[in-house]
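# Tertiary structure, described
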Amino acid sequence: MNTHCLVTTTIQPPTRATHKLLAYKNWDFIIAGDTLTPHEQYRHLEKCHTNLKYLQPYEQTALHSKLSLAIGWRSIRRRNMAFFYAYKQKRYDVVGTFDDDNIFNDAWDGTTLVGKSMATKSFSCDGPVMDPFRPLNIPYHHRGFPLTLIRDHRDECVVSELKEYIVDVDAPIPEGDPDIDAITRIMQQPTLALSQSQKDQLPFTSDNIMPFNSQCTFLRASLLPFYMMIPHIGRYDDIFGAYLLQKLKDVNVVFNKPIAIQERNEHDLTHDLKDEVYGYCNAEKFVKAHVDDVYNILPKKAAYALTTYMKAMRNLR
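First, a word on what this report is: a plain description of the structure on this page. (Residues numbered from 1 in each chain as written. Predicted model: local features only at pLDDT ≥ 70, side-chain atom pairs only at ≥ 80, totals over all residues. Heavy atoms only, no water.)

## What about the overall build of the protein?
Applicable threshold: Numbering goes from the N terminus for both helices and strands, where a helix is a DSSP run of H or I of at least four residues and a strand is a run of E of at least two. For every residue, the accessible area (1.4 Å probe, protein chains only) is compared with the maximum for its type, and the residue is labelled buried under 20%, exposed over 50%, or partly exposed between those bounds. In what follows, a contact means two residues having at least one pair of non-hydrogen atoms within 4.5 Å. Shrake-Rupley sampling with a 1.4 Å probe provides the accessible areas, and residues are treated as covered by the protein chains on show and by no other component. Charged residues are defined narrowly, with Lys and Arg counted positive, Asp and Glu counted negative, and His plus the chain ends left uncounted. The location of each charge is read from NZ of Lys, CZ of Arg, CG of Asp or CD of Glu.
Counting its regular elements, the protein contains 11 helices and 14 strands. Principal-axis analysis of the C-alpha atoms gives the protein an extent of 55 × 45 × 40 Å. The buried share of the protein, taken over its 317 residues, is 60%. The contacts of the protein with a sequence gap of at least 6 include a subset with a gap of at least 24, amounting to 77%. Per element, the accessible surface of the protein, about 13,700 Å² overall, is 51% carbon and sulfur. Side-chain charges in the protein split into 37 positive and 38 negative, and the spacing between the mean points of these groups amounts to 7 Å.

## Here we look at a nonpolar patch on the surface
Selection rule: For patches, a residue must show more than 30% relative accessible area and have no salt bridge; joins then use 9 Å for like charges and 5 Å for nonpolar side chains, namely Val, Leu, Ile, Met, Phe, Trp and Tyr. By salt bridge we mean one thing: a side-chain nitrogen of Lys or Arg within 4 Å of a carboxyl oxygen of Asp or Glu.
A surface patch of nonpolar side chains, amounting to about 280 Å² of accessible area, comprises I183, I186 and M187. Inspection of the secondary structure puts I186 in helix α6 (residues 182-188).

## Points about helix α9 (residues 269-288)
Filter applied, for reference: An expected span of 1.5 Å times one less than the residue number is assigned to each helix.
Helix length check: α9 (20 residues) gives 29 Å between terminal C-alpha atoms against 28 Å at 1.5 Å per residue, within 8%. The set of residues buried in α9 consists of L269, D272, E276, Y278, G279, Y280, N282, A283, F286 and V287. Buried residues along α9 sit against α6, α8 (237-248) and α10 (294-297).

## Points about unusual backbone geometry
Negative phi values dominate among residues other than glycine, just as trans dominates among peptide bonds. In this model, L202 is joined to P203 through a cis peptide bond whose omega is 0°. Mapped onto the elements of the fold, P203 is located in the loop between α7 (196-199) and β11 (204-206). Phi at Q189 takes a positive value of approximately 45°, unusual for a residue other than glycine. A positive phi is found at H232, a non-glycine position, where the angle reads about 70°. You can see H232 is positioned in the loop between β12 (216-220) and α8.

## Some details on the packing of α8 against α9
We apply this condition: Lines fitted to C-alpha atoms define the axes, with helix axes restricted to the stretch in contact, and inter-axis angles between N-to-C directions lie between 0 and 180 degrees. Here the angle decides the label: under 35 degrees means roughly parallel, over 145 means roughly antiparallel, 65 to 115 means roughly perpendicular, and every other value means oblique. When residues are sorted by character, Ala, Val, Leu, Ile, Met, Phe, Trp, Tyr, Cys and Pro go into the nonpolar class, Asp, Glu, Lys and Arg into the charged class, and all the rest, Gly among them, into the polar class.
Relative orientation of the contacting elements α8 and α9 amounts to 5°, with a least axis distance of 11 Å. Classified by the angle between their axes, α8 and α9 sit roughly parallel to one another. On α9, the residues touching F240, Y243, L244 and K247 of α8 are Y278, G279, N282, A283, F286, V287 and K288. Split into classes, the residues belonging to the contact of α8 with α9 amount to 7 nonpolar, 2 polar and 2 charged.

## A look at the side chain of Q246
Let me state the cut-off plainly: Distance and chemistry together define a polar contact, namely a pair of N or O atoms within 3.5 Å, with one atom able to donate a hydrogen and the other to accept it when in protein, and with adjacent residues in sequence counting only for side-chain atoms on both sides.
Relative to the helices and strands, Q246 is located in helix α8. Looking at Q246, its side chain comes within polar contact range of the main-chain oxygen of M210, at 2.7 Å. Engagement of the side chain of Q246 in a polar contact is seen with the backbone oxygen of A242, the distance being 3.0 Å.

## Side note on the sheet that holds strand β5 (residues 102-104)
Threshold: Pairing between strands is defined by DSSP: at least two bridges between them are needed.
The sheet built from 3 strands is open, its strands ordered β5-β14-β10 with mixed pairing. Only two strands of the sheet have a single neighbouring strand rather than two, namely β5 and β10 (175-176). In this structure, β5 lies alongside strand β14 (residues 260-262), joined through 3 bridges in antiparallel fashion. Along β14, the bridge assignment pairs F104 with A260.

## Remarks on the pattern of salt bridges
Evaluation of the coordinates by the stated rule reveals 12 salt bridges. Of the charged contacts in the structure, one is a salt bridge between R79 and D99, with a shortest N-O distance of 2.6 Å. Pair noted here: R79 is in helix α5 (residues 79-89) and D99 is in the loop between β4 (94-98) and β5, with a separation of 20 residues, a long-range link. Across the salt bridge formed by D238 and R143, the nearest N and O atoms sit 2.9 Å from each other. Taken together, the residues D238 in helix α8 and R143 in the loop between β6 (117-124) and β7 (158-159) connect sequence positions 95 residues apart. Through salt bridges that share partners, R143, D179 and D238 make up one connected network.

Structure follows, in structure tokens:
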């Protein structure tokens with residue numbers, strides 16, 4: 001019985017990434033379907049792979065109708081129902097969340113740093129949040145770093161001596177199409193390929209809060225009750241979920257060497273831009289807010305969905 005699982009949601013037919021990940025038989029694979037997902041293709045795939053569980057829409061409603069409704073349909077936030085299902089199984093130690101346009105490297109052997117004790121560098125900087133791209137001297141900012149802080153974020157990161165950490169969140173940095181805000185992508189359309197000197201800086205952690213995404217990230221399953229892709233706030237859903245997790249729990253987030261390359265599904269960049277406006281306007285407030293005040297920053301529908309998720313998870317503990 002596997003103690004590790006991968007989760008995602010999709011409206012695409014099974015991708016190259018999906019087929020590749022199914023080959024890791026020591027990982028279970030949970031896919032939350034949506035109303036536009038080609039269900040028959042995934043039901044067929046499920047019959048062919050004992051480590052795959054495809055959650056059809058009616059199954060998600062049966063799991064928790066109130067939570068399912070609060071999340072909404074035709075949304076990447078359906079992944080939360082896969083989180084809920086995984087946590088309910090009570091057997092997973094590690095959960096990996098990924099997007100199905102991230103192609104894992106052939107060299108990845110299915111291992112993760114989560115739960116391991118390791119000595120690694122810790123970077124810090126002035127201010128409430130650190131951009132994880134800064135220690136690597138990547139010339140743009142990770143999606144979710146508050147744009148309102150960029151002008152005040154030019155000081156050098158300070159690295160401490162090596163410290164021993166138990167890894168709670170393992171965030172390998174995908175290469176290819178980088179995870180950046182839509183403004184930068186529209187202007188520059190960069191491709192990320194880390195140099196050897198940049199890879200030599202990895203892995204690292206920070207005493208600051210850092211944004212991390214849900215496209216290729218592993219975390220302790222015990223943290224799922226405190227981690228949600230928050231619906232109804234656009235493309236900052238996973239980023240605000242990451243910030244909230246770090247506010248709620250004392251977690252060690254470690255950015256790690258690439259294990260995947262993103263071949264980004266087709267996107268309308270102007271739509272992405274519109275979908276990020278809420279985050280542009282509220283990321284700094286969210287980062288600086290006391291944990292009890294974040295619900296006042298979120299739109300009512302988002303706060304309700306988060307409250308519903310937290311309560312549903314609490315009832316499983």
